Amino acid sequence: MTLSGVAEEGWATLGRSLLERKVMTSDWLPAFTAVPRTAFLPELIWPYDMDTGVTVAVDLRDKPGLWFSYAHADVPIVTQWDDGARQGRGQVPTSSASMPSVVFSMLRDLDVQPGQRILEIGTGTGWNAALLAHRVGGRDNVVSLEVDAGVAAAARDRLARVDAGVLVISRDGEHGDQPGAPYDRIIATAGVRRIPSAWISDVRPGGLILAPWGTHFTNMDAVARLTVAEDGRRGEGRFTRPVEFMKLRGQRSLFAGHEVYVTDGVGAADRSTTTVTEPELLGEGRFAAGPFAIGLRVRDCHHQAAEKRDGARPVWFYGLTDRSWACVMFTDGQPEAQVWQSGPRRLWDEVAAALAWWRAAGEPGFERFGLTATATGQQAWLDRPADAWDI
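This structure is a prediction, so every number in the text was calculated from the model and none was measured. (Residues numbered from 1 in each chain as written. Predicted model: local features only at pLDDT ≥ 70, side-chain atom pairs only at ≥ 80, totals over all residues. Heavy atoms only, no water.)

## Here's the deal with the sheet that holds strand E1 (residues 44–47)
Argument step 1. Strand order in the open sheet formed by four strands is E2-E1-E3-E4, with antiparallel pairing between adjacent strands. Since the sheet does not close on itself, it has two edges, and those belong to strand E2 (58–59) and strand E4 (93–97), each with one partner.
Argument step 2. Pairing analysis gives four bridges linking strand E3 (residues 77–81) to E4, with the strands arranged antiparallel. In the sheet register, Gln80 faces E4, and the bridge partner there is Ser95. (Pairing = 2+ DSSP bridges. Helix = DSSP H or I, 4+ residues; strand = E, 2+ residues; numbered from the N terminus.)

As structure tokens, then:
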């Protein structure tokens, strides 16, 4: 849904839409009805257009009708910029209320049952925690960790106003909650690039960890649904769907910026050509599976696709453990693309090999990939954990 045409639909209308699209299951309807998102949003919000990347400021005090229409719409809403360094809009969104469709699809994946104990990583507005608390019942069955003290305090106040019975702790969620363990479920509402070992030890054997997980290759995540093994030393499972979340503060991108890598232009780099096409590399749409698969195979690499100008688009690749870089220039109408590579890694060669592997495997989607996480590392796999590789 784009911001240009958001209808003034009520909360009940959104609920029916989520049910019809099978995003929300009927057992979550009582929580949806009892816990409206409006109770957890600040007066000043920035609804976000997933298609264009545009945000607009909407203040409840100035435009209440528009504010409620966005609150009742299936759009993500930014609620903080630049880690709270300023009150108004900044450069980087750092806290938000997720799209209701994403919220309820993840809650469905979490398979929550009444009476279970849930640890949430990333309180945000508090809405997700309130939904969980309504579902599981009891007091303090839902514990939520929030690294930002200001965000935690605001969420704590909102949760108290609706008597949600959620314990909000101002703490870096990457470290888990050993004093409160064991939990039946952990759900993260921030993207991660590695599953913290503390989360595995905080969940009882047979319990679930649900987290948006991805590589540094793109900003995209996929929902990892991991079951903790009986020995409590491993979490393992498949990905369910693509998403994109703000990242845990301790796991944000390691990319230092283009100018750190390409200091003197491309003239001194090794040159070659490739028959790989732009659509083959970038895929179609925001959540194409190809780039996700490449990121699983090409470790410690970040890529950026520049805007197309005059029929030409450069795609850059940067090594995150050294200063290796590569660039492929796609030009409309040309059968081959120019490639430049520099540094100890041949990054384009690695990317091209990963793309060829993915295509040879039948271009599998997210649901065929899986993740195994332990205290010492992570492994990805396609179809079978026995065929895993380190990432």
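## What to know about the side chain of Ser69
Argument step 1. Relative to the assigned elements, Ser69 resides in helix H3 (residues 64–71).
Argument step 2. Within polar-contact distance, the side chain of Ser69 engages the backbone oxygen of Leu66 at 2.7 Å. (Polar contact = N/O pair within 3.5 Å; in protein donor to acceptor, adjacent residues only side chain to side chain.)

## What to know about the nonpolar core
Across soluble globular proteins, nonpolar side chains have a tendency to be buried as a group.
Argument step 1. Residues Ile195, Trp199, Trp213, Leu281 and Phe317 are the most contacted members of the largest nonpolar core, which totals 56 residues.
Argument step 2. Among the elements that make up this core, the one with the highest residue count is helix H11 (residues 347–360) (six residues).
Argument step 3. With residues up to four places along the chain from it excluded, the contact list for Trp199 reads Ile121, Gly173, Glu174, Gly176, Ile186, Ala188, Val192, Ile209, Ala211 and Leu248.
Argument step 4. If you look at the next biggest cluster of nonpolar residues, it comprises 37 residues, including Phe40, Ala164, Val166 and Leu210. (Core = buried A, V, L, I, M, F, W, Y, C linked by side-chain atoms within 4.5 Å. Buried < 20%, exposed > 50% of the residue type's maximum accessible area, 1.4 Å probe, protein only. Contact = heavy atoms within 4.5 Å.)

## Observations regarding the packing of aromatic side chains
Any two aromatic rings considered together are summarised by their centre-to-centre distance and by the angle between their planes.
Argument step 1. Per the counting criterion, the structure on display carries 20 aromatic pairs.
Argument step 2. Each ring, one from Trp11 and one from Phe32, has its centre 4.3 Å from the other, and the planes form 5 degrees; the classification is stacked. Taken together, the residues Trp11 in helix H1 (residues 11–20) and Phe32 in helix H2 (residues 29–34) connect sequence positions 21 residues apart. The same class applies to Trp11 and to Phe32, which are both buried.
Argument step 3. Aromatic pair Trp67 and Phe68: ring centres 4.9 Å apart, planes at 75 degrees, arrangement edge-to-face.
Argument step 4. The exposure class of Phe68 is partly exposed, given its relative accessible area of 36%. (Phe/Tyr/Trp six-rings, centres within 6.5 Å; stacked < 30°, edge-to-face > 60°.)

## A word on the sheet that holds strand E19 (residues 389–390)
Argument step 1. With mixed pairing, the ten strands of this open sheet are ordered in space as E7-E6-E5-E8-E9-E10-E11-E17-E18-E19. At either end of the open sheet lies a strand with only one pairing partner, and these are strand E7 (166–170) and E19.
Argument step 2. For strand E6 (residues 142–146) and E7, the ladder comprises five bridges, and the chain directions are parallel. The residue of E7 that forms the bridge with Leu145 is Ile169.
Argument step 3. Along the sheet face, helix H5 (residues 127–136) touches strand E5 (118–121), E6, E7 and strand E8 (183–188) and points at about 165 degrees away from the line of E6.
Argument step 4. Strands in contact with helix H6 (residues 149–161) are E6 and E7; relative to E7, the strand with the most contacts, it is inclined by about 165 degrees. (Axes fitted to C-alpha atoms, helices over the stretch in contact; angles between N-to-C directions.)

## What to know about the layout of surface pockets
Argument step 1. The computed volume of the second largest pocket comes to approximately 620 Å³.
Argument step 2. Leu282, Arg286, His303, Gln304 and Ala305 are the residues nearest the centre of the second largest pocket, which is lined by 19 residues in total.
Argument step 3. Elements supplying a minimum of two residues to the lining of the second largest pocket: helix H9 (278–282) and strand E13 (301–305).
Argument step 4. Among the elements that line the lining of the second largest pocket, the one with the most residues is E13, at four residues. (1 Å grid on protein atoms, 1.4 Å probe; cavity = no way out; pocket = protein on both sides within 12 Å on 5 of 7 lines; lining within 4 Å. Points joined across faces, edges and corners; volume = space filled by probe spheres on them.)

## Points about the packing of helix H4 (residues 100–110) against H5
Argument step 1. Contact pair H4 / H5: the axes reach a minimum separation of 11 Å and the direction vectors enclose 40 degrees. On the basis of their axis angle, the class for H4 and H5 is oblique. Here the hand of the crossing between H4 and H5 comes out right-handed. Where H4 approaches H5, its residues Pro100, Val103, Phe104, Leu107 and Leu110 are matched on the opposing element by Trp127, Asn128, Leu131 and Leu132.
Argument step 2. When its residues are assigned to classes, the contact of H4 with H5 shows eight nonpolar, one polar and no charged. (Parallel < 35°, antiparallel > 145°, perpendicular 65-115°, else oblique. Left-handed = near helix turned anticlockwise from the far one by under 90°. Nonpolar A, V, L, I, M, F, W, Y, C, P; charged D, E, K, R; others polar.)

## Focus: the pattern of salt bridges
Argument step 1. Overall, the coordinates contain 27 salt bridges when judged by the stated rule.
Argument step 2. With a closest N to O distance of 2.2 Å, Arg241 and Asp109 form a salt bridge. Note that Arg241 is positioned in strand E11 (residues 234–243) and Asp109 in helix H4, a separation of 132 residues in sequence. We note that Arg241, like Asp109, is buried.
Argument step 3. For Arg359, the salt bridge identified is with Glu280, shortest N-O distance 3.1 Å. Residue Arg359 is found in helix H11, and its partner Glu280 is found in helix H9; the two are separated by 79 residues along the sequence.
Argument step 4. The exposure class of Arg359 is partly exposed, given its relative accessible area of 40%.
Argument step 5. Each of Asp83, Asp148, Arg249 and Arg252 takes part in salt bridges that share partners, so that together they form one network. (Salt bridge = Lys/Arg side-chain N within 4 Å of Asp/Glu carboxyl O.)

## Quick look at H1
Argument step 1. For H1, the complete set of buried residues consists of Trp11, Leu14, Gly15 and Leu18. Buried residues in H1, looked at end-on, bunch into an arc of 100 degrees, giving them a common side.
Argument step 2. Just downstream of H1, Lys22 is the residue with a positive phi angle, here 60 degrees. (Arc of directions from axis to C-beta.)

## Quick notes on the packing of helix H10 (residues 289–297) against H11
Argument step 1. Contact geometry of H10 with H11 gives a least axis separation of 9 Å together with a crossing angle of 120 degrees. Regarding the angle of H10 to H11, the classification is oblique. With respect to the hand of their crossing, H10 and H11 are arranged in right-handed fashion. In this structure, H10 uses Ala289, Gly290, Ala293, Ile294 and Arg297 to contact H11, whose residues at the interface are Val351, Ala354, Leu355, Trp357 and Trp358.
Argument step 2. Taken together, the residues that form the contact of H10 with H11 break down as eight nonpolar, one polar and one charged.

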